[in-house]
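# Residue-level structure breakdown
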Amino acid sequence: MKKKRLFWIKRHKMFLGLGLVLLSLIGTVTFFAQKQDYKQPDNPLTNDAVASSILLAGADKKVSETLKENGVSLKQNKETSDKEEEQDDKPKSNNDSKKNNLTQKDKDSLNKHISTKKIVDNTKDKKANRAYFTTTINDGEEVENNFYEFKIIQKEKDLVIEKQAIYINDDKVDFSGSVLLSPGKNTIKVVVTYQNKQSKIFDVSKSYTVYYNATYKIKATLKDKQEVDSADFSFEAYALQGDKKESVNVLLNEKEIEKKDDFNYHVSLKKGENLIDLSVGQDKNQVNQSYVIIYTPKKDIKDPNDENTENSEKPEPSTEGPEISVDNLVDGMETNNRNIDFNVNVTTADGKSIAYKSQQYEVLLNDQPIKPDTHDNYQSNFIGLRIEKGENRIDIIAEDKGKQTHNSYNIKFNDKEKEENLGDARFSISAANVGMSDIIPPVNVPLEKDKKAPEYILDLLEDYSFSPAYTGSIEQSFYLKGIYTSNGANFWHNEGPKIPDDLKEQLIEAGAFPEENIEDIKNDNYGDTYVVDGLGEMDFTGHSGWIYTVNGHYMEYGFSQYKVSSGDDIKIQYTLWRGRDIGGGLN
């Protein structure tokens, strides 16, 4: 049996040798293949199975040695080594050490959690240091005019202004370059709403204190040393604080007279001199005026305050005409001001006041009747009356009981001599959104030294036979309320207003018109929302009016404050919705 096995082995030894060689080759290939496929376990902080710099820094030597014994190579780059060498001189935090040895993904993750608070704090610091806006308000200043003008100057160009609001003593007010102050301390709060590049909306507010030292002016139909022949005496007296009338304190011969809301007083005089004291205000703001009225009774009239006077017959009526007295006008006067102020008092021959509303007298400028700005039972007041270049004449004609008095005052307006060429500015007035594109087409106007912006507009309106309505004055708080035809003619050229259909739809959507009028509005039937002879604020909608632009920009302050420069393109435009329908205004 053994011989057979040996024989078989000898016979097949070549094949057995080849088999052994083949097995050896398979084993070798398998060994190298397994070694090639071997991958060290992943480190949760890295992707290349190397020890972190936390271990290399000696935080846990046992773990470090264990990793080495298991074939994990401990790598350390030069930058880390250099930092470790400097560790004694400049220690670093664990957070910084971890951050330097993490993958980008892990770094981003750590940054998100570690640095968020720091970033937010820096943002807060940066926001706190931003100027956002400033104003021309002088905090703590004292003023003597209740119309207070100021500008809001934006500092941040990368923010969008959503809206701005002004509060005076916690009350929100409309702002168009000026506000109305109350006597004493006023707190002005400016709130601006911004939107940043990330569409975040936020408010920035600043508060200021301004003191208004109210100055009063006492107006009265009294004349010092005035002589009267009746004990029954009437007069008007009031105080003006800006444009507001207020009652005054009245003393007659040191006895207090009851205040009158209509400012008309009726007193009984004693024979001889009577002292009338008028006062208003308190402390340093108090204003006083005194008048001596001399009562001398006629011999044939009983004086109720004189016991020695005997009864007698009444005198015959006076045959003289009414008496006219005028303040601030002198016949033959010359002026360099185009706007003049004056007051007119008319009394009967017996000394009784004639009210303007009685239609017993009229005032004419260059043969054209003019109406006073204010009037009462004793006086009519003409404020800012515009006269023409050259010669002017003001006539006052009064009549009483068939007797007439006629006073004339010749006034010459010396127009300022033209200065050296200061250039031109272009002006225009339009209301295209209601079908009036060229009320006054663009026209170049030569500039004049010291001429205010409103004067150019008023002159243009006069040249084109329009009559303006405005508040404030040329010097301050000028606001154009409306433009009207001088003779009551049809402002719309008999065609009527026409709002473009697309704009009309947007206004309807915005709620500009009452619900019950919408169908009529769609058919261009605007009913009583406008007037035939002009165009003014609050026509058509509750947010309409006149606004101005300079070189295409909507200004943040009143027209009185703007100084016209050569090359300016100034447009007076009508808006139906706070400027938004013509490309401007606030949201």
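Given the structure is predicted, the values throughout are model-derived calculations rather than measurements. (Residues numbered from 1 in each chain as written. Predicted model: local features only at pLDDT ≥ 70, side-chain atom pairs only at ≥ 80, totals over all residues. Heavy atoms only, no water.)

### Considerations on the environment of Phe 133
On the secondary structure map, Phe 133 appears in strand β1 (residues 133-135). Judged by relative accessible area, Phe 133 falls into the buried class, the value being 0%. (Helix = DSSP H or I, 4+ residues; strand = E, 2+ residues; numbered from the N terminus. Buried < 20%, exposed > 50% of the residue type's maximum accessible area, 1.4 Å probe, protein only.)

### Let's talk about the side chain of Asn 264
In this structure, Asn 264 sits in strand β16 (residues 264-268). Looking at Asn 264, the relative accessible area reads 10%, which means it is buried. Ignoring any residue separated from it by four or fewer positions in sequence, one finds Asn 264 in contact with Phe 235, Glu 236, Asn 377 and Tyr 378. (Contact = heavy atoms within 4.5 Å.)

### Observations concerning the environment of Tyr 557
The topology assignment puts Tyr 557 in the loop between β34 (553-554) and β35 (569-575). For the pair Tyr 557 and Ser 178, spaced 379 residues apart in sequence, the C-alpha separation works out to 7.6 Å. Apart from the residues within four sequence positions on either side, Tyr 557 is in contact with Lys 151, Ser 176, Gly 177, Tyr 548 and Tyr 562.

### Remarks on the sheet that holds strand β20 (residues 333-335)
In sheet architecture, strand pairing relies on hydrogen bonds along the backbone and comes in two forms, parallel and antiparallel. An order of β20-β27-β26-β22-β23 is seen for the five strands of this open sheet, with the pairing classed as mixed. Only two strands of the sheet have a single neighbouring strand rather than two, namely β20 and β23 (368-370). On average, each strand axis in the sheet is inclined to that of its neighbour by 30 degrees, with strand direction left out of account. (Pairing = 2+ DSSP bridges. Axes fitted to C-alpha atoms, helices over the stretch in contact; angles between N-to-C directions.)

### A look at a positive patch on the surface
Among the surface-exposed residues, Lys 163, Lys 172, Arg 578 and Arg 580 lie close enough to one another that they form a single positively charged patch. Relative to the helices and strands, Lys 172 resides in strand β6 (residues 171-173). We classify Lys 172 as exposed; its relative accessible area is 60%. (Patch = residues over 30% accessible without salt bridge, like charges linked within 9 Å, V, L, I, M, F, W, Y side chains within 5 Å. Areas by Shrake-Rupley, 256 points an atom, 1.4 Å probe, with all protein chains shown as cover. Salt bridge = Lys/Arg side-chain N within 4 Å of Asp/Glu carboxyl O. Lys, Arg positive; Asp, Glu negative; His and termini not counted. Charge placed at Lys NZ, Arg CZ, Asp CG, Glu CD.)

### Regarding the sheet that holds strand β24 (residues 374-375)
Spatially, the four strands line up as an open sheet ordered β19-β21-β25-β24, and their pairing is antiparallel. Edge strands, defined here as strands with exactly one partner in the open sheet, are β19 (323-327) and β24. Where strand β21 (residues 339-347) meets strand β25 (residues 380-386), five bridges bridge the pair, whose relative direction is antiparallel. Across the sheet, the residue bridging to Phe 342 is Phe 382, located in β25.

### Regarding unusual backbone geometry
Phi is positive for Asn 551, which is not a glycine, with a value near 55 degrees. Relative to the elements of secondary structure, Asn 551 occurs in the loop between β33 (545-550) and β34. Its identity as a non-glycine residue notwithstanding, Arg 578 has a phi of 55 degrees, on the positive side. Looking at the element boundaries, Arg 578 is found in the segment after β35. Classification of Arg 578 as exposed rests on a relative accessible area of 51%.

### Quick word on the packing of aromatic side chains
Considering all chains together, one arrives at 21 aromatic pairs under this definition. Geometrically, the ring pair formed by Tyr 194 and Phe 202 is tilted, given 5.9 Å between the ring centres and 35 degrees between the ring planes. Overall, Tyr 194 belongs to the buried group, its relative accessible area being 0%. For Phe 202, a relative accessible area of 11% corresponds to the buried category. Plain terms: the ring middles of Phe 491 and Trp 492 are 5.2 Å apart, the flat faces sit at 80 degrees to each other, and that makes the pair edge-to-face. (Phe/Tyr/Trp six-rings, centres within 6.5 Å; stacked < 30°, edge-to-face > 60°.)

### Description of the confidence of the model for the protein chain
With 72% of its residues at a pLDDT of at least 70, the protein chain reaches an overall mean of 76. The secondary structure element of the protein chain with the lowest average pLDDT is helix α2 (residues 53-56), at 36, and the one with the highest is strand β28 (residues 424-431), at 93. Contacts from residues 72-100, a stretch scored under 50 in pLDDT, to residues over four places away or in other chains number 35 contacts. Between residues 307-318, whose pLDDT stays under 50, and residues either more than four places distant or in other chains, the model counts 15 contacts. (pLDDT = per-residue confidence, 0-100.)

### Quick word on the side chain of Thr 575
By secondary structure assignment, the location of Thr 575 is in strand β35. Side-chain polar atoms of Thr 575 contact the backbone nitrogen of Arg 578, separated by 3.4 Å. Side-chain polar atoms of Thr 575 contact the backbone nitrogen of Gly 579, separated by 2.5 Å. The residues contacting Thr 575, other than those within four sequence positions of it, are Asn 433, His 543, Ser 544, Gly 545, Ile 547, Arg 580, Asp 581 and Ile 582. (Polar contact = N/O pair within 3.5 Å; in protein donor to acceptor, adjacent residues only side chain to side chain.)

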